[in-house]
Structure formats: structure tokens, C-alpha cells
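Residue-level structural notes
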Amino acid sequence: MTQEGPWQDLDPSWGDPRTLSALLCSSVAAVVLLKWLECRQIQQKMEARRARDLALGRMENAACRFKQENPGTQTEQILSLTMVELVEKLKDGSLSPESILYIYMGKALEVTREVNCLTDFIHGCEDQLQNLKNQKEKGLLYGIPISIKEHIDCEGHISSGGMVKVLGQVKEEGSIIIQVLKYQGAIPFVRTNIPQTMINYDCSNLILGQTLNPLNHQKTPGGSLGGKGALIAGGGSILVIGSDVAGSICLPSSFCRLCRLKSTGNRISKLGVVSPIVAMESVAPALGLMARDVDSLAVCMRVLLCEEMFRLDPTVLPIPFNDEVYTSSKPLRMGYYEGDGYFQPSPSMKRAIQETRKLLQDAGHTLVPFVPPKIDYMADELFTRGITSDGAVHLVDCFRGDIVDPILKSQFNTHRLPALVKRPLAIVLKPIYPRIAQGRSALCGVGSAKNLWDQHGAVEAYRTEFIVKWRKLRLDVILCPALGPAFNHGYAEKLFAATSYTNLYNVLDFPAGVGPVSTVTRADEEELKHYRGHYGVLWDKRLEKAVEAAVGLPVAVRCLALPWQEELCLRFMKEVETLAHSMKRNVFHDKRPKSYLPQYFTSNSVQEQMSMVDHNLVSVEFPFWVCHRSLPEREQRLAVSPSALIAAKKALCELAGPLPELVYPLDLCTIMWRLWQEPCDCHEAVLCMALQWQKESYLRLMEEVEMPTIDRERGFLSSIQLPGNAAAKSPPLTLESHMDSQKLRERWVLLCADPVHMHLPEVPAAASTVGQELDGLWTCPHAYKLFADPRQWCWEKGQVWEGREGLLSFSLHPRRREGHVMIQQHLKQLLPEREVDPSAAFALLCGSAAAVVVWKWLGKRQIQKRMEEARRTRDEGVKKMAKAVQQFREQVPSVQTDAILSLPLLELTGRLREGSLSPKTVLYTYIEKALEVTQQTNCLRHFIPECEEQLQEVQQQREKGLLYGIPVSIKDHIGHKGHLSSCGLVQCLGSVVQEDSVLVKVLKSQGAIPFAMTNVPQSLFNYDCSNPTFGQTLNPFNHHKSPGGSSGGEGALIAGGGSILGIGSDVGGSIRLPSSFCGLCGLKPTAKRLSLSGASGPFGGITAVPCALGPMARDVDSLVLCMKALLCEKMFRLDPTVPPIPFNEDVYSSSTPLRIGYYDTDGYFPLPPCMRRAVQDTRRALQAAGHELVPFSPPRIHCVMNELFLKTFFADGGRAWLDLFTGDTVDPSLKSQVNWCRIPRLGKKLLALILKPLFPRLADYLSALSGMSSVKEMWNHQHQIEVYRTEFIARWRELGLDVVLCPVLGPAFTSGYPGKLLTAISSTMLYNVLDFPAGVVPVSTVTEADEEELKIYQGYCDDPWDRMLKQAVAGAIGLPVAVQCVALPWQEELCLRFMKEVETLSHEKRVA
């Protein structure tokens, strides 16, 4: 009745089919209309072309006007000048800025008419030209016209990124790099074209169309800097600034005969540069330069790396250009490689490397073969999966409200496929196109926050592996191919994976340069016809088509250096440029005939070399095989056993230069190559290994190999003739004639014609008698890719090859096509059908439950045993040290212990260096005191018994380091060889560190003696200091109080007098909170100022809020000495990712009055009265000392705490953190945090909604613990951190501040409370989010007045957290009270100078 009522009220005509049809048609029409209106709106926006034409028209008018007014200007002569010559003529006045600007305007217009490279005319350039005339000082780029990539913000112009939807968004301020260039006198005058979204290395967008290569209009200029490349190559500009995320500068330079430099990611400011993928951390974007010669790049780098840029963007490393490195003439040790193993280089690319290598060797440099590790893993898992970690959702979203450029259609269609389609597609493609399948799989992204962190960790691990290999070979730089020559139009988007040659160094974040060295020759073009690639599949065929018809186009090489070594990279590029210019044309390739194929081994040379081989090495127990595959000329290098290498070194070096790293066992024979010299469709190569012939151990040399007969229809070798060996009296062997011979049991030869689609002849019966396993090694370094899929290599009669990556072992076995049917039959036989007895089922259930209980009990018992073992080991170490101290006391009974312990670090080092104290005396004195302190506070996790050995080494050192003889304690998770890095977790108790961390190595090199490792809280994520294994650490001033955390063990040991210097870590206040609670001085530097290499953590890959290592001590001078000792060449050499910024003594020792911002509360978690009093007292003291104090209010702390800090670590809802406690006992101090995290995500959200009116801070906390739902959200979150950092710095700069004085959490909490008040650390976590250096200095103690005032403390919200804070800090009379001192990034010296000022004033006040 109720359902029929509404329908009865309706008009009966609604049921008429004609009405329904009309409604359907109108709906369709409405949809079509909406789509049309959307497209129309887009078309209207694309009228930017008209605006561009108008701007270029104004530019043309200005250029013509100048030409008419100055008819005698020597245009061609000016355009031919290098930038260095141009700068000199402008400065000496022989040329005027007007003439240079307008001449380049005219030339740029001429070039853009030809190749369509310009997007806009920067109309303000003429005003800037007039301003230059009034400048008293001429900048380093005075009057130089430069072009800017379209996505770099320029005041009054649009940065579209090639996207229609952002047209109309005019920028109000220019980017930092534009401001610096103008400051140096440069004149930005035009902006250049880019591809849509910039994720393409062609150069086309729907707004302004396709840019052409000025050297060949059928070719692309590259991308995304293609517009700039075309403009400079055409002569329309002399210098270009652009960005690089996957070769965006490298490829246009290679394609257009230019020089280019991609800097390390943070060497040049990126503020104001639009990025297609915001806050993506896996692949570091970087800015770079492009010019016609290397000297121009050097001049521009010298210009950019100036104080103005460091002032405008303090996040940029303040490292000026090092002319000494650039102008050095010291011979270099260079690594080189001709191919990366992922994409086979084109013939011209290889020839360019070979020629350049020879030139460099002739010039006196040392060339060493280098093989980059795991390139396929890097290309697919690190690069592709890194930039599409969100499943390419961000890239697809870029096209919403936009039209996809036709050149990007295939790429876009692939990206927008859902992961549920990409994964099955990858599985289907894997047997046919393994590389394409891996790429499709990588496009699925990472899927979760934990996986994204793992991705970041994998990038760091790969970078470390690469650097270790680099250091092992003692290389200065690396020479490698640059992708080229220029591609034909339409191929760039189809061969994105070919950028493996460039994106490797974006993943590594190394500086990389490109320099042209040659041109494509007809011989290269002929050799290209035989190009098959490593796989001979779709991508290889496309690459061949992409680079064909390129005779005369430039060929370049790449020059690489370690991070922050741009000057060395430029010096290397200059060397290559000089040698390439001095080389006579065609000296290497024009003299050889077209049909030439190099003959690496002559019969005589082979026999002569092989006569020296130890033939015992080739006696083996299993048959070897011979592999025949299609290869282009001079493709592969060799890797042989050590004996064979020594014997055949000269002959092998003729093939491909010095040999790469050995990868084969000693029992393998020498490998020889022979290239076919008969003209054929493809160049053939035969790899010969020793054959076991009639069980006699001898090496069979192949002096001739006849052309094999290839069955073109069936696709396999039907026969091959192997000549006999007269010396061994062995007859020739023909495969098909011996296919059924029993002799084949003794000499099994396996042949294949096509390494991708390998269909072998019928398996002979003899194969089964030879044995089921044919063990061997594929000598091609790329062969493991071919065997990546077991189903790829198939016998016709249902048998398969199986293999694994690395050293391969293959076996033959039948393929069971109906295996699942057989399994079902076996199951039926084993489990016949019968009725189920209820009692038996119940008994089975009870037994299962009991088994689970027993299993759980056994697991807990095992955990207890491991913890007891760790404690027993610790106690035994303590006893050994106590015994050693006792023995020392017996030997030297008159040691003045108290006098030594009372010495400050500076005085102690002086006494040690002058010899009035011995390192042995100091070491055992501090060990004795540490034993006493740890008995009271339980602060030590373990003594380092190797300190006695280190003591002997220190005493034998000729040069005494800055920390000579100083005993140093280190935090638990900072690696020391032979010891645990437990992080307070049971699961880490079995993992012994194999190598000292970089910081420990540097400390030892400076004469320090690490003697103890200190306790930490479980998982390090707590500012109490307790874990189930080693227990609770106590505050030495009050055993009811916590020493803070996570460096609480360090705080307790140093405050108790058991150490004079310690190294801790800080990710939310872990150095500053123990320093505050224990009355110490502590410094958290900028995250990358000190090396983190070798410092483990419970989980890595969290880059949004980085961890920092720093010193803790009793006074500021000790921190300064430690920083001086650590910031040395040793650390920069051991970890080249650390910026090479030595300690700046001038800044620290300066006495210039400071402008200081201050605040005593952050507005989120009000601190106890004593902490606010400390800030106000210090403020008054600083004012009295002549400094200027300015009120400062940090913006949006509530948002920072919940949305930025907490969400960073709980992006996955806390699952990664909770996983740490699997198989572990949760420490009581962490139980409340763990319980909150264990609530399901939906439960947290609902609970947050319920609690919002009652307990808003807890509601926000729970909302933050819910995490983020996607990788895209995580990237947006990272972007929000960058935006907040920019906002904070802008406010800092508006007030003209040098430093900031602010409170730190304190006084010491009662043990157990830190785990319940995680959000109380807002005062310290802020500067972890910002990554600013921050230090803590004790200035006072808690008074009775403070305690009385605490009784009326209510906080901001008067909620349970405020009341809990009141309880946590109660009873603290006499405990230390500290303040926090903050500076801008990389200004640790200024921060320490401020801390010293505060320390001095507070000491004077206490004395008074």
C-alpha cells in the first residue's frame, strides 16, 4: 500500500515508452553538451597561443627598432662569442648590454620561426636593462641574456607546465633562481617550450605545439628541456636554466650538441619551480644548466652559488664554487662503461665512449672498467616504481580538465589502467616481453605507506651499494654513454625505459654532465642495421628505428661525480671537451671498410696465450655448453677465472679494454670470443667454453667456426659444424649428425639461435643419461634477465629451463600440464570420504587450541631466553671492565680521579696532547666512573671491550687528532663493529654490526676512544628510557624522574659524570629532551650535516621528518670541539652524500650583536611555569648584553603537531611500528601508545568524532594516528611540510632574525609519564619538521616558587593532558631548567655561538 501510493500520484504518461525515450535522449544530449562546453572552455584557454604571438610580436618590434637604430652592429660576430668572452667584453665596455640583448632577441625569433621553441617574451627584460645602467657594481653575469624553462616562475608570467588548466594563473613573484640571476646582472628575456606534464623527453604540448630539432627537423630536440635545447643549438640563447628529474637536461644536450650539468638535488634552490610530481622523494629533482661550452657552465655555477642564494633560500647548502678543484690538472682515476645492461647502446654511443676512453688514457688518466650494479632493478623498482609510487594517480589527475597531447596518448592510457589490470597484464607479458612486463608491474606503484618507506629505504641502500663499489675502485669520476643520437618524432614516449642511462643518476642524486664528442657516421648507420639489442624484442626494435637516419647528428658522453662535487664533474667535462676538440675528425671510424668486423683473436695469439693456462682448471665433472646468440659488433666484455685472466689478459683486453669484476668460480675455463667475418643479416658471435671430450681434460680451441645452418621457419639452429683439433686427435663435431649418438653423453653441446624465443631441437635420448642437471654459467653479464622467467625458454616437447638470477644453475624436467588434476587424485586417495565423528572433531579442536597456547608459551619463553642472554652478556662485560679497572688501579694507585673527572673537555684535550695526562689514565678513570653511574641509573647497554685495543692504536698515532685520548660514549643504535644495535627490541638482539658506522670511524680517526654504548627506549619512539631487555634508566639527579629519551642513556651517563662526550640522535627531541632533563648541552644539527651511515633504526625510509645525529656534553665548548672534529675530510670521504661543509670558525667566534626572536609558549602545549620563566630571564639577560630581542610566534603549531609530525610516523596507521613488537614484549611505558595504535582505522576515526567536543586534542591525536589512505596523500603531506617550511622562513626573514630563543620541554618527568604525553614534545618536534639546527642549554633550576606556581597551573584546555603534565613535572625542585636555541638550516656554528652566549650569561647570573 505504501509502495503503490507514490506511483499512483504520478502522471500515467511516465510509463509511456516515448516519454522514456525522450528522457534518455535528452540525458545523452546533456552529457554531450557538457563535454562540448568543457572542450570549448579548454579551447578558449588555449588562446594563449595568441598571447604568445602578441608577446613575440612586441619582441620582434623591439629587435627591429634596435637594428634600425644601430645598422652597423656585427651580429654574427657577437653571436659567435662564447659566454666567457661576452662577459669580458660587457665588463670592459667594448660591448653594451643593449646590443647583446636585442641581437639575441632577433636570433631567438629567427630560431623559433624555424623550430617553435619559445613560449613567451619576458617583457620586463627591457626595464631590467635600464636598471642595469644605474648599477654601480656589475654582477658576474652583467648584461648576459638568458632563457628560462617555462615552468620556472617568473613575475607576471604563467608557469603552465604544458597544461591548459593552469593557464591564467599568473605568478606574483619570481623563483629564487631568477632573483639570483637578476642580482648578478643577467637578463632573463624569453621562456622556452616544454612537453605536457614534463614527463616526456619529446617536446610537444597542445598549447604551443611541437618543438623541432634545429639540426634535423625530423628529429626531436629532447625533453623536457627541448625548447631550450633547440634555442641554444639554433644560436638564439647563450645560457639556459632548467630542471632535471629523468634526463630532462641530459637528453636535449645530447640530442642538440650542447653541454649540460645536472647538479646534486639541493645544490641550487628549487623554490618557485613547478614540478609535475610534488614531494616525490624516491627520485630527486634537480636544477641544472645548459650552454654551448663547459666554461659557460662553470661561470654560471660560480654565479649561482653565492651568498644571495644562500640568503634567499637557507635550505640550500651554503657551499660556494670551488675554483681550485675546477682548475686542477691532477690526473684522474676514471671508471667507464659502454652499456648499462638494460638498453643496449646504439653503435655511435659505444664508439663515442671507446674514442673518449682512448683519448683520456693517452692524456695520462687512468681508466678502470665499472659495471653499475642491478640496472634493471634500478630502472624498474627504484625509478619507475618511485615516480609512480601512487600507481600514476597523480600523473593521471594532471590531465583532468585538460586534453591529452597525442604524443602522450599511449603513455597516458597505460598510466590510467587500474592496478587490477596492470598486474595481470604484466603476468601475461612476462614470458614474451619481460622488460615491458616489469615496467607495467612497476607502474602499479607501492600500494601502502609502509611500502613507500621501504621504497625510500631501497633507494638509500642502492645508493650506498653504488658508492661502496665506486670507493672500492678508488674512482674520481665515471665516463658513460649518453642516450642518442636524437630520436625521430613519436618514439620518445614509446621508449621511456631507454632513459635508464640518465635516470640512474637521478635516483642516486649524483651530479652529471653531458658533452658532445663526435657525430654519427655512415659506418655507425650501417652497423645500426644489425642492431638487435639485448633482447631483440619490441623496445629494442623501436630504439633502432628511433635513432636511424642520424648521420651528422651529435653524439655525446656523460661525465659523473659523487654528490656535491659539481666542480670536479665540470673539470672532467672540460677535459673531455678539450680532448674532443683536439681530436682529428674521423680518426677512428672513416678508415675502416663498411664490412669491417674486428678480429680480436688471431690463431697465433690465442694459442700463444692459451699455452700458459693451467689446464687443471678446465677439468670438470659436468658437461659444458656452447651458446650461440645474435649480437652487434663489439658488444660484450669478458669475465674469466683468475688463472685464465692472467694468461690471456693481453688478448682479452683487445676485445673491450680492461676486464670488469670477476664473477666466475676458479674451476671454469677460459672464455674466448670469435666474431663472424662473413657478411650476413646479423653479426653472429659464438661463445666457446671447454668441452669435455671422451672424459679427457683438455681445452679445445676453436680456430674456425663455420656459419651455422639456421632453420628460418622453425627458428632454431638445425646444425653447426665444430672443427676438430689435430693436437687432440678429435674429429669435427656436427650437432645433427651426432644427435642420437651415445658419444653425446660425454660431450653435451647446447646451442640456441634466438635468446628470447628459443625453440630447441628435439631433446635427444642421451640427455637423460647425461644427468638431470646441466650446470653452467651464462657469461654474458645481462643473461640473467633472459632467464628471469622459467617459462620463457621452452623445449618443444614439454620440458622447461629453470634458472635464478646471478650465478645460474639450470635443470631439465618435464612440464606437468595437468598437475592440479594429479594433486586432486592424490588427495582423494589420502583422504577418503567418511562420516565425521563429533567427538573426534571436538578433540581435534581442543588439541588445536592447546597447540596454539603451547606455541605462544614457547614463543614467550624463547623471548625471555634471548633477553636473559643479552642481560647476561651485558653483565659479563661489566664484570670484565670492572676487573680491568681494578688491575689498572693496582698498577697506577695514585690517579687523581676527581681532578680528571672535573676537567672540561677543552682542558682535558690540552692536557692529553701535552702529555701531562695519558689516554690510558683518562680512559680507565671514566670507565670506573661509568661503572658507578650505571649501577645507580642503569644507563649502559654494553661496554665496548675493543676500547683497550683502540687505546693502543691511539697511543701509537703520530698525529694527534682533535679528540686525542678522549673516551666517548655512543647511543645504542649507532653501529660499532662486533656489537648489537638493538633499538631496545628483542628481534634485533641477534644482529651484530659488521662494520663501524661512519661517525664511529671519524671519531676513532680523531683519536677518540668509544668505550660504552648507552641504553635506549624500546623502538626509540619514546622520550622515556626503558625497554624490556635492559630495563629502566633513571635520572642521576632524581631516581624517580626520567632522564628523557630516546638518548636517555647518554643523558644519564654524561650527567652522572661517567662520560665527557656522547653521540645521540634526534627525530623529535631525542637529544634535546635528555639534555633538558639532565642539565646538559645538546645539539641537533641539520639532518644531513653529520653522516647517518651505519646508524640503524627500527624502520627506515621516513624522509619527511629526518633523523639527525648530534653531540651531547656538559658545556657548549665540548659540542663545538666535537663538531670541529666530525666535520672533516674523513667524514666527507667516507660518506660523500654528506655536504662537505667544514666548521666555520669565523661565525662561531664572531661578537656581532644578534637579532633574536623569542617566544615562551607555542600555543599548543603550555609548558610549566619554570620553563617559561627561564625564557624570560634569558631574554632579559640577552637584552642587557646588547642583543636585540623581537617577539616571534611560530605559525600553526597545532597543525604541525598533528597533521605534519604525527602523520609522518603513523602514515600507515601505526602498522609498521606495531610490527616491531611482534615476537616481543611491549614495555609498560609504551603500552598506552601501542593500545591507541591497535585500534582499527575506522575505530580511530569514529572515536575522534565522538571525543572532538569533549577532548579535542586527543581527538586530533587519534585522527593523526589513523594515517593516510594513499601514496598520493603522503606526497601531498610532504608538500605541506615544504610549504610550512617556506612559510616559517618567510616569517623569520620578515623580522630579520638571526636566531630564535624558545622553551624546551622540562623539567624532568616522573618515570612512566612520557609514554602518556607524546604530544607534549611540540616545542622540540617543530624543529625536526623544519629541519633546523637546535640546541639546548641549561640556565637555571626549579625553585620553590616555580613549584608553588605549578599548583595553579591549568594549561590551555584544562583537559586530562594538562592535568597529567602537572603531575609529571611535580616534585622537581632543584632539577635543571633549560632553554632552546634555534638557527636556520646549515647554520650550526651560529646556533652554537648563540648557545655559548646564553651559557655565559646564565653562568654569570648564577655566580652573581
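**Brief notes about the overall build of the chain**
Within the chain, the secondary structure is distributed over 52 helices and 38 strands. Split into buried and exposed, the 1408 residues of the chain put 58% on the buried side. Taking the contacts inside the chain whose residues are at least 6 apart along the sequence as the reference set, 80% of them involve residues at least 24 apart.

**Description of the packing of helix α39 (residues 1116-1126) against helix α52 (residues 1388-1407)**
Angle between the axes and distance between the axes are the two parameters that describe a pair of packed helices. The contact between α39 and α52 brings their axes to 9 Å, and the two run at 160°. The orientation of α39 with respect to α52, classified from their angle, is roughly antiparallel. Relative to α52, the crossing made by α39 is left-handed. Counting all contacts with α39, which are made through V1116, D1117, L1119, V1120 and M1123, the residues of α52 involved are E1388, L1392, M1395, K1396 and E1399. Grouping the amino acids of the contact of α39 with α52 by side-chain chemistry returns six nonpolar, no polar and four charged.

**Concerning the environment of P1010**
By the secondary structure assignment, P1010 is in strand β28 (residues 1009-1014). In this structure, the C-alpha to C-alpha distance between P1010 and G965, residues 45 residues apart in sequence, is 10.0 Å. P1010 has contacts with I944, C947, V968, H976, V1000 and K1004, leaving out every residue within four places of it along the chain.

**Here's the deal with the environment of E1389**
Mapped onto the fold, E1389 is located in helix α52. Between the C-alpha atom of E1389 and that of P1085, which follows or precedes it by 304 residues, the distance is 9.7 Å. When near neighbours in sequence (up to four residues on either side) are disregarded, E1389 contacts R1089, P1142, F1143, N1144, V1147 and Y1148. A distance of 3.0 Å separates the side chain of E1389 from the backbone nitrogen of N1144, its partner in a polar contact.

**A few points about the nonpolar core**
Among the nonpolar cores identified, the biggest contains 353 residues, and Y505, W1217 and Y1327 are the most heavily contacted of them. Counting residues per element, this core draws most heavily on helix α6 (residues 97-115), at ten residues. Apart from residues no more than four positions distant in its own chain, Y505 is found in contact with K262, Y337, F466, I478, C480, F510, A512, R558 and L560. By size, the runner-up hydrophobic cluster in this structure holds nine residues, among which are M163, F399, V404 and I407.

The rules behind each value
Every chain is numbered on its own, with residues counted from 1 as its sequence reads. Per-residue local features are limited, in this predicted model, to residues with pLDDT of at least 70; the limit for side-chain atom pairs, both in listing and counting, is 80 or more; totals at the level of whole chains, interfaces and linings are taken over all residues. Side-chain measures here rest on the full set of heavy atoms in the structure, leaving out hydrogens and waters. Counting from the N terminus, the helices are the DSSP runs of H or I reaching at least four residues and the strands are the DSSP runs of E reaching at least two. Each residue gets one of three labels from its accessible area relative to the maximum for its type: buried under 20%, exposed over 50%, partly exposed in between, using a 1.4 Å probe on protein chains only. In this analysis, two residues are considered to be in contact whenever any of their non-hydrogen atoms come within 4.5 Å of each other. Every axis in this analysis is a line fitted to C-alpha atoms, fitted for helices over the stretch in contact. Angles between the N-to-C directions lie between 0 and 180 degrees. When an angle is under 35 degrees it counts as roughly parallel; over 145 it counts as roughly antiparallel; between 65 and 115 it counts as roughly perpendicular; any other value is oblique. Two helices cross in a left-handed way if the nearer one is turned anticlockwise from the farther one by less than a right angle. They cross in a right-handed way if the turn is clockwise. Throughout this entry, Asp, Glu, Lys and Arg are counted as charged residues, while Ala, Val, Leu, Ile, Met, Phe, Trp, Tyr, Cys and Pro are counted as nonpolar. The remaining residues, Gly among them, count as polar. Side-chain atoms alone can form a polar contact between residues adjacent in sequence; in general such a contact is a pair of N or O atoms within 3.5 Å, and within protein one must be able to donate a hydrogen while the other accepts it. As used here, the term nonpolar core means buried Ala, Val, Leu, Ile, Met, Phe, Trp, Tyr and Cys residues forming a set that is joined through side-chain atoms within 4.5 Å.

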